[in-house]
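Chain by chain, the residues run as shown.
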Amino acid sequence: MATEEKSSDLEVQLEQMLGIEKFDPPPGFRENALWSDPKIYEQAAADPEAWWLRQATELLDWETEPTQGLNDSNPPFYKWFEDGRLNASANCLDRHVEAGRGDRVAYHWRGEEGEELDVTYADLHRDVQRFANALKDLGVEKGDVVGIYLPMIPEVAVSMLACARIGAIHNVVFGGFSAESVAERMDFSEAKALITVDGARRKGKTAPIKTTVDEHMGSHHALKTIVVIRKTGIECPMSEGRDVFYDEVLAAAPPECPAEPMEAEHPLFILYTSGSTAKPKGILHTTGGYMAGVTATHRYVFDLKPETDVYWCAADVGWVTGHSYIVYGPLSNGATSVMWEGAPDHPHQGIWWELIERYKATILYAAPTAIRTFIKWGADIPEKFDLSSLRLLGSVGEPINPKAWLWYHKVIGGERCPIVDTWWQTETGAIMITPLPGITETKPGSATTPFPGVAASVVGESDGEPISEGQGLLVLEKPWPSMLRGLYKEDERFIETYFSRFGKERYLVGDAARVDSDGYLWVIGRIDDVVNVSGHRLSTAEVESAIVAHEKVAEAAVIGQADEDTGQAICAFVTLRGGTEPSDELIEGIRGTVAERIGKFARPKRIIWADELPKTRSGKIMRRLLRDIAEGRALGDVTTLRDPEVMKELEAKIAEEGDED
Ligand code: WT7
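This one's a predicted model, so the numbers in the text were calculated from it and none came from an experiment.

A. Molecular detail of the overall build of the protein chain. Scanning the protein chain from terminus to terminus reveals 21 helices and 30 strands. Against the 2.2 N^0.38 benchmark of 26 Å for 661 residues, the protein chain shows a C-alpha radius of gyration of 25 Å, consistent with a compact globule. Seen along its three principal axes, the alpha-carbon backbone of the protein chain occupies a region of about 70 × 65 × 65 Å. Put simply, of all contacts in the protein chain between residues at least 6 apart along the chain, 71% involve residues at least 24 apart. Total accessible area on the protein chain stands at roughly 26000 Å², and carbon and sulfur atoms take up 48% of it. Placing the 69 positive and 106 negative side-chain charges of the protein chain at their respective mean positions leaves the two points 1 Å apart.

Written out as structure tokens, the structure reads:
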């Protein structure tokens, strides 16, 4: 009874807060903020190129300082800080160790079973040098691609930085992807080596990673080496001449490996992300511009004071959020972070809050999907923990609805923490649209305005003309240092995807957005066939091709459907092969195929059996109509349909589905 009363009180309070339009930085925050003068925006806008050059030289340690900012002689192949030379791992490690900060904790690591490990900058520096030497010894050279398929363990940062140290290009694959996806990504990138683990723990269970990888890697030719980190002791077959244990090569490697200065435009990593077609895009980032972008944004968006803050980005290193805001940004700034191996509900639903209390975390950066889950579990869970150390909250990955924003603000932030809702993408490398916590008045649900030095606008869909108030397509008007340099070995697709609709000087984001009368931006969602499930980007084509791999499936059309928990959920319309009857078993079979081909997170939540799919006369599936029908809306224009009867049948199917519920 008491908790019920309390939660309904909270409901009422949140309801009232919905009426508040703007939130000022909390009292006292502005006074101590790194940036508190709004003039910073004008200064940056006056000469963005010079402003970024200043950020790059002020915040990074260069072997050769760059003298120039942007080279835009061959758009859209932009270059930044071209005559500079630096090493990303030296910026993340050596400079802190050399300045006497080696004892500072880089990661308070917490394992699933409660193990604790404080990894210092000196520890990372030691292991990265040894591992870099080991990789060289294994034949990895500057410019080679190295795959990384690891859970959230400190070795994932060591692996990335060891690659960066010798100029190898890492290609991290999120641990939630299936081994088949890993094999595919290794193939696309012609990876020479793969770093993985014997097994991975998830909610008390251990999955055999190396064994599964082997099953899919057999025919892989370019892969010369697999380095296996022994973490769980689970059985782990090793192939003579190809596979080595991490601990053994580390122990055998010489301890010193000076960081090799790289040209600013030397590739740092590729990261595959979903596009409109079934084939994922290898987003390519280079060293100088990327490091400048993540270091500046991590410092100023989170108002980071490395000496006193304890920062926690609760993402996975396998996504760009982890690359930029668990590894490169925080380490470059000398921050102390929390790294959590596990799930938010293991061993209990309050584990996040337990970790914040334990490590006195001051900054939390999380996804709206997690916040919505916590709301569902109830405010009484975080209320049991001391969250008073928190002073700033961040949100990333999808639009945050005002109610979730207010809950985050009140229940987690105790109304004293500014919220930075940060909009960006794998392609942008770093945060692009965000409040500055000591300057910006925030509006729940809006990512507010571009970071200084970034130019964004909302433009008309057909004419590309900037809209001063209203809805349209989001574009970035000027090149920025941490922008993608291309799609790995797919120049044409790079131009076609981002720089064809509005020309080579404007980057097409792929999101629809609204701009309000204060010039605040409200990102609505993707305009392409990309679905955002719990902040994970998936292409409908990718899921479709996984579904049709099932032997009983003839055809499939996938759409994203609004979902209370995951933002969007996968809904699949499936046509079975002649003679096959729909069944629950078949549903599980199809979901299993998707898990195997892509990963569990891509499994369709809803499957609708369709005798036929709605198509245009030229045979294109009309997803717009499927979206209407799945969400119970009146159907839009059906005049281009080849066979209007198809929609009637589908509507009848959906009605049946409703009856069964
Ligand atoms: C897409 C990029 C940013 C790193 C994680 C996702 C959506 C991202 C926000 C936000 C509204 C957002 C966009 C974007 N998105 N952040 N704060 N508000 N939408 O990276 O997988 O490359 O996905 O995520 O639709 O285009 P990603």
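B. Region of interest: unusual backbone geometry. Here the amide bond leading from Pro-75 into Pro-76 is cis, since omega sits at 5 degrees, within 30 degrees of zero. Turning to its location among the elements, Pro-76 is positioned in the loop between β1 (70-71) and β2 (79-80). Between His-346 and the following residue, Pro-347, the backbone shows a cis peptide bond with an omega angle of 0 degrees. Counting through the fold element by element, Pro-347 comes out in the loop between β17 (336-340) and α13 (351-359). One non-glycine residue, Glu-190, lies in the positive phi region at around 50 degrees. Mapped onto the fold, Glu-190 is located in the loop between α8 (179-189) and β8 (193-197). A relative accessible area of 47% means that Glu-190 is categorised as partly exposed. A positive phi angle, near 60 degrees, is found at Glu-415, a position not held by glycine. Relative to the elements of secondary structure, Glu-415 occurs in the loop between α16 (402-412) and β20 (419-422).

C. Examining the domain arrangement of the protein chain more closely. The domains assigned to the protein chain are domain 1 (121-260) and domain 2 (534-660). Each of domain 1 and domain 2 was reduced to a C-alpha centroid, and the two centroids are 37 Å apart. Taken together, the contacts link 7 residues of domain 1 with 9 residues of domain 2. At the boundary of domain 1 with domain 2, total buried surface from both sides reaches about 560 Å², with 48% on carbon and sulfur atoms.

D. Region of interest: the sheet that holds strand β24 (residues 507-515). Overall, antiparallel pairing links the 4 strands, which are arranged β21-β22-β24-β25 in an open sheet. Every interior strand has two partners, whereas the edge strands, β21 (456-459) and β25 (521-526), have only one. Direction aside, the axes of adjacent strands within the sheet are offset by 45 degrees on average. Pairing of β21 with strand β22 (residues 470-476) involves 4 bridges; the strand directions are antiparallel. Looking across to β22, one finds that Val-458 is bridged to Leu-474.

E. Looking closely at α13. Inspection of α13 places Ile-351, Trp-352, Trp-353, Leu-355, Ile-356 and Tyr-359 among the buried residues, and these make up the whole buried set. Backbone geometry just after α13 places Lys-360 at a positive phi near 50 degrees.

F. Inspection of the environment of Tyr-121 at higher detail. Position of Tyr-121 relative to the elements: it lies in helix α6 (residues 121-137). For Tyr-121, a relative accessible area of 1% gives the class buried. Taking the C-alpha atoms as reference points, Tyr-121 and Tyr-107, separated by 14 residues in sequence, lie 8.6 Å from one another.

Rules of the game
Residues numbered from 1 in each chain as written. Predicted model: local features only at pLDDT ≥ 70, side-chain atom pairs only at ≥ 80, totals over all residues. Heavy atoms only, no water. Helix = DSSP H or I, 4+ residues; strand = E, 2+ residues; numbered from the N terminus. Rg over C-alpha atoms; globule rule 2.2 N^0.38 Å. Contact = heavy atoms within 4.5 Å. Areas by Shrake-Rupley, 256 points an atom, 1.4 Å probe, with all protein chains shown as cover. Lys, Arg positive; Asp, Glu negative; His and termini not counted. Charge placed at Lys NZ, Arg CZ, Asp CG, Glu CD. Buried < 20%, exposed > 50% of the residue type's maximum accessible area, 1.4 Å probe, protein only. Domains from an automatic or database assignment. Buried area = accessible area lost by both parts, 1.4 Å probe. Pairing = 2+ DSSP bridges. Axes fitted to C-alpha atoms, helices over the stretch in contact; angles between N-to-C directions.

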